[in-house]
Amino acid sequence: MGNLSMFLQHLTNGISLGSLYALIAIGYTMVYGILRLINFAHGDIFMLGVYLTYFGILYTSIPWWLVFVIAPAITGIIGLFLEKVCYKPLRDSPRITILISAIGASFLLQNLGIVLFGGRPRAFPVPRVLNHVVKVRGVSINVITFIIPVVTILLLVGLTYFITKTKTGMAMRALSRDYETASLMGIDINKIISITFFMGSLLAAVGGIMWGARYPQLMPLMGMMPGLKSFIAAVVGGIGNIAGAVAGGFILGLGEIMLVALLPRLTGYRDAFAFVVLIIILLVKPSGLMGQRETEKV
Amino acid sequence: MRKNGRSDRAALLALACVVVGLILANRYLDDYKIRIINLSGIYVTLGLSMNLINGFTGMFSLGHAGFMAIGAYTVGILTMPVQMKEMNFFLQPIVPFLANVEWGFLPALLAAGLVAAVLGIIIGAPVLRLTDDYLAIATLGFAEIIRVVFTNTQSLTNGALGLKGIPNYTNTWWSWGVAFVTIWFVSFLIRGSYGKAFMAIREDEVAARAMGINLFKHKVMSFAFGSFFAGVAGGLLASLLGTIDPNMFRITLTFNILLIVVLGGLGRITGTVISAVIVTVMMEALRFLDESINLGFVEIKGVPGMRMVIFSIILILMVIVGREGFLKRLKGRETSYAEN
């Protein structure tokens, strides 16, 4: 019984970590689907989202639940702005050029973070409602661990509706299928790309807030590792495919937690796990688990 | 042919100037400035080795920090005196076959390059099939894996504690000597048929393949040479600093080299050399931005991280403003190929 409850505990931890990776991975996959660009700065957008929430809660009188809505919106606007400054002028350039710009943008955000927020870690102010432990049949679980997957699923349902049912979503799918034809059909490319960046960054920020509630230590470089791992999740699932990104996120999250739980000797290699998975996937099935059908791209 | 002769003469002249400069520098400059000169030489090697992979062959690799780490640790472990090793490895004794080795600097440097190159081949062979961004992430991942492995192999690398007391063999002659060997080697390689093949792969893989160029062989080769020099440069750095730990070799280090390569121009040798020196000197010169300056009557507060903000902005501006230049340069090259 003890073993089973331990296992359940690890399982819930893995699912909540996986949900977070999934949320961030969606931003990568949406941008990649349309622009064929790895938005290296996505992880740092995630970091900005967490810090904005931190400052919103501690330094304004806005109630925390409202901050949880406003901060992602502002982060979304920052993401949109980032695209306008760093990627839009390079839209017709060789891919390597845009990639360098993306890396530059990532470092700019990280170091701006150090300049503006200071290099010292800060403690995320977790609202008390989200931060207490409940015991379910001997398994003690923090409430936030339950909330994360629920929020993720709700957002995913909303996103799927948006992409499959609305006109903007249809335009996004058209753009990812065939960029030039779509633009000839009267789709406003700039608008759609802006919306994509806005939504990707918004989801990253929501992921970031829950990340902060789960692992309440804020650092300007905190976005790098989750960002890279989420990108790997997107690749594992088949980049450009939203369902794939979610699947990849869960595989990585669960895998990472289970690795540490089942093989404690390998704890130090935790951060290498995702990269090993990436390299195996790239060698065995470069298009990712769900990447074979081009039509599902977004 | 005549053009080659002229550039050879120019190179000899530059070499002579640098030798005279180094003699003067060693006589008159203080330790701090000598250290910057050393770092410049090391960054020239690093910039060129990355340019060989990224600029000439067109493979976007971000694994440089990893190969430097391999080189740095190889030199560190091989050259460190036996007693020093015992002092370093107090948590767990070092693996027996390395406990009693103490090599000279040159063999250790060569070993550093070779180990890095062999690992480059092992790592590169499977992932070099990937295109731009996938390759970038995969190589970045490898660099990260190398760092994680080095943090955890206590009896081989001393883990997170790092190595202290590596003998300081690196001086200006070593760093710039290696830099010149690299410059010579890369320009030699580029002028020959291998270089032509590398550049053909960069311009158009499919066309290159149709012309009978063995893509895999040339890519692995370029990657191996690049990682060899990255390893040697890492070794020089380890011996210059005397202390290394796995966290030195984060992606930030790769970013610095990428900055040098982009500023100098992808696929440009002279540009890379000049930008390596400029960036290294600027990194030091702009250090005041990170620290507080006391002018006696007023204290200007420095902001840590400001330096890197400026460098990131320079990188982005270079790419955005210079894109016309990039395009033009590529177009110019195409016509010259056609004429040949």
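None of the values given here were measured: they were computed from a predicted structure.

## Digging into the overall build of chain A
Stage number 1. Each helix and strand counted, chain A has eleven helices and four strands in total.
Stage number 2. Relative to a compact globule of 298 residues, whose C-alpha radius of gyration would be 19 Å, chain A shows 19 Å and is just as compact.
Stage number 3. Here chain A holds 298 residues, and the buried ones make up 51% of them.
Stage number 4. Taking contacts inside chain A between residues at least 6 apart in sequence as the whole, the part at least 24 apart equals 76%.

## Quick notes on the overall build of chain B
Stage number 1. Secondary structure assignment for chain B yields 16 helices and two strands.
Stage number 2. Out of the 340 residues in chain B, the part that is buried amounts to 46%.

## A closer look at the interface of chain B and chain A
Stage number 1. Listed by partner, the interface residues are 33 residues for chain B and 32 residues for chain A.
Stage number 2. Looking at the side of chain B that touches chain A, the elements with two or more residues in it are α6 (105-127), α7 (132-152), α13 (251-264), α15 (306-321) and α16 (323-339) of chain B.
Stage number 3. Take the side of chain B that touches chain A: its biggest share by element is twelve residues, from α7 of chain B.
Stage number 4. Of the residues belonging to the side of chain B that touches chain A, the class tally is 24 nonpolar, five polar and four charged.

## Remarks on unusual backbone geometry
Stage number 1. In this structure, Arg36 of chain A is a non-glycine residue whose phi angle is positive, near 55 degrees.
Stage number 2. Relative to the elements of secondary structure, Arg36 of chain A occurs in the loop between α1 (2-35) and α2 (42-59).
Stage number 3. Phi is positive for Asn158 of chain B, close to 65 degrees, though the residue is something other than glycine.
Stage number 4. Residue placement: Asn158 of chain B occurs in the loop between α8 (154-157) and α9 (172-191).
Stage number 5. Residue classification places Asn158 of chain B among the buried positions, given that 26 C-beta atoms sit within 10 Å.

## Some thoughts on the packing of helix α4 (residues 95-117) of chain A against α13 of chain B
Stage number 1. Two elements in contact, α4 of chain A and α13 of chain B, have axes separated by 12 Å at closest approach and are oriented at 135 degrees. When the interaxial angle is binned, α4 of chain A and α13 of chain B end up oblique. The two elements α4 of chain A and α13 of chain B cross, and the hand of that crossing is left-handed. For the pair α4 of chain A and α13 of chain B, contact is made by Ile100, Ile103 and Phe107 of chain A and by Phe255, Leu258 and Val262 of chain B, respectively.
Stage number 2. A per-class count over the contact of α4 of chain A with α13 of chain B returns six nonpolar, no polar and no charged.

## So, the packing of α2 of chain A against helix α8 (residues 189-214) of chain A
For any two helices packed against each other, one specifies the inter-axial angle together with the distance between the axes.
Residues and elements named next belong to chain A.
Stage number 1. Contact geometry for α2 and α8: axes closest at 7 Å, N-to-C directions at 55 degrees. Considering their axes alone, α2 and α8 lie oblique with respect to each other. Judged by the twist between their axes, the crossing of α2 over α8 is right-handed. Residues His42, Ile45, Phe46, Met47, Gly49, Val50 and Thr53 of α2 lie in contact with α8, whose contacting residues are Gly200, Ser201, Ala204, Ala205, Gly207, Gly208, Ile209, Trp211 and Gly212.

## Some points on the pairing of strand β3 (residues 139-142) of chain A
Stage number 1. Sheet topology note: the strand β2 (residues 133-136) of chain A/β3 of chain A ladder contains four bridges and is antiparallel. In the sheet register, Val133 of chain A faces β3 of chain A, and the bridge partner there is Asn142 of chain A.

## Some thoughts on helix α10 (residues 193-203) of chain B
Stage number 1. Taken as a whole, α10 of chain B has its buried residues at Ala197, Phe198, Ala200, Ile201 and Arg202 of chain B.
Stage number 2. Contacts made by the buried residues of α10 of chain B are with α2 (31-56), α11 (205-210) and α12 (215-241) of chain B.

## What to know about the environment of Phe198 of chain B
All names here are of chain B.
Stage number 1. The topology assignment puts Phe198 in helix α10.
Stage number 2. On the neighbour-count criterion, Phe198 (28 C-beta atoms within 10 Å) is buried.
Stage number 3. Distance from Phe198 to Met221, taken between C-alpha atoms, is 9.4 Å for residues 23 residues apart in sequence.
Stage number 4. Once residues lying within four places of it in the same chain are set aside, the contact partners of Phe198 are Phe56, Thr57, His218 and Ser222.

## Things to note about the confidence of the model for chain B
Residue and element names in this part refer to chain B.
Stage number 1. With 89% of its residues at a pLDDT of 70 or more, chain B shows a mean pLDDT of 83.
Stage number 2. Ignoring residues within four places in sequence, the model shows residues 330-340, a span with pLDDT below 50, making zero contacts including any to other chains.
Stage number 3. Reported confidence for the predicted complex is 0.80 by ipTM and 0.84 by pTM.

## Notes on the nonpolar core
Stage number 1. Grouped together as the largest cluster of nonpolar side chains are 190 residues, with contacts concentrated most on Ile232 and Leu278 of chain A together with Val262 of chain B.
Stage number 2. Residue contributions to this core peak at 15 residues, all from α8 of chain A.
Stage number 3. In contact with Leu278 of chain A, not counting residues within four places along its chain, are Ile232, Val235 and Val236 of chain A together with Ile137, Ala138 and Gly141 of chain B.

## Describing α15 of chain B
Along an α-helix, residues three or four positions apart point the same way, because every turn accommodates 3.6 residues.
Stage number 1. Taking 1.5 Å per residue, 16 residues should reach 22 Å; α15 of chain B reaches 22 Å between its end C-alpha atoms and fits that length.
Stage number 2. Among the residues of α15 of chain B, those classed as buried are Arg307, Met308, Val309, Phe311, Ser312, Leu315, Ile316, Met318, Val319 and Ile320 of chain B.

## Notes on the environment of Ile145 of chain B
Stage number 1. With respect to the helices and strands, Ile145 of chain B occurs in helix α7.
Stage number 2. A residue is classified by how many C-beta atoms lie within 10 Å of it, and Ile145 of chain B, with 22 of them, is buried.
Stage number 3. As for Ile145 of chain B and Ile70 of chain B, which are separated by 75 residues in sequence, their C-alpha atoms are 12 Å apart.
Stage number 4. Setting aside residues no more than four positions away along its own chain, Ile145 of chain B makes contact with Ala272 and Phe275 of chain A.

## What to know about the environment of Leu286 of chain B
Stage number 1. Relative to the elements of secondary structure, Leu286 of chain B occurs in the loop between α14 (269-285) and β1 (293-294).
Stage number 2. When residues no more than four places from it in sequence are discounted, the contact partners of Leu286 of chain B are Arg307 and Ile310 of chain B.

Rules of the game
- Residues numbered from 1 in each chain as written.
- Chains lettered and ligands numbered in written order.
- Predicted model: local features only at pLDDT ≥ 70, side-chain atom pairs only at ≥ 80, totals over all residues.
- Helix = DSSP H or I, 4+ residues; strand = E, 2+ residues; numbered from the N terminus.
- Rg over C-alpha atoms; globule rule 2.2 N^0.38 Å.
- Buried ≥ 20, exposed ≤ 12 C-beta atoms within 10 Å, placed from the backbone.
- Contact = placed C-beta atoms within 7 Å.
- Nonpolar A, V, L, I, M, F, W, Y, C, P; charged D, E, K, R; others polar.
- Axes fitted to C-alpha atoms, helices over the stretch in contact; angles between N-to-C directions.
- Parallel < 35°, antiparallel > 145°, perpendicular 65-115°, else oblique.
- Left-handed = near helix turned anticlockwise from the far one by under 90°.
- Pairing = 2+ DSSP bridges.
- pLDDT = per-residue confidence, 0-100.
- Core = buried A, V, L, I, M, F, W, Y, C linked by C-beta atoms within 7 Å.
- Expected span 1.5 Å × (residues − 1).

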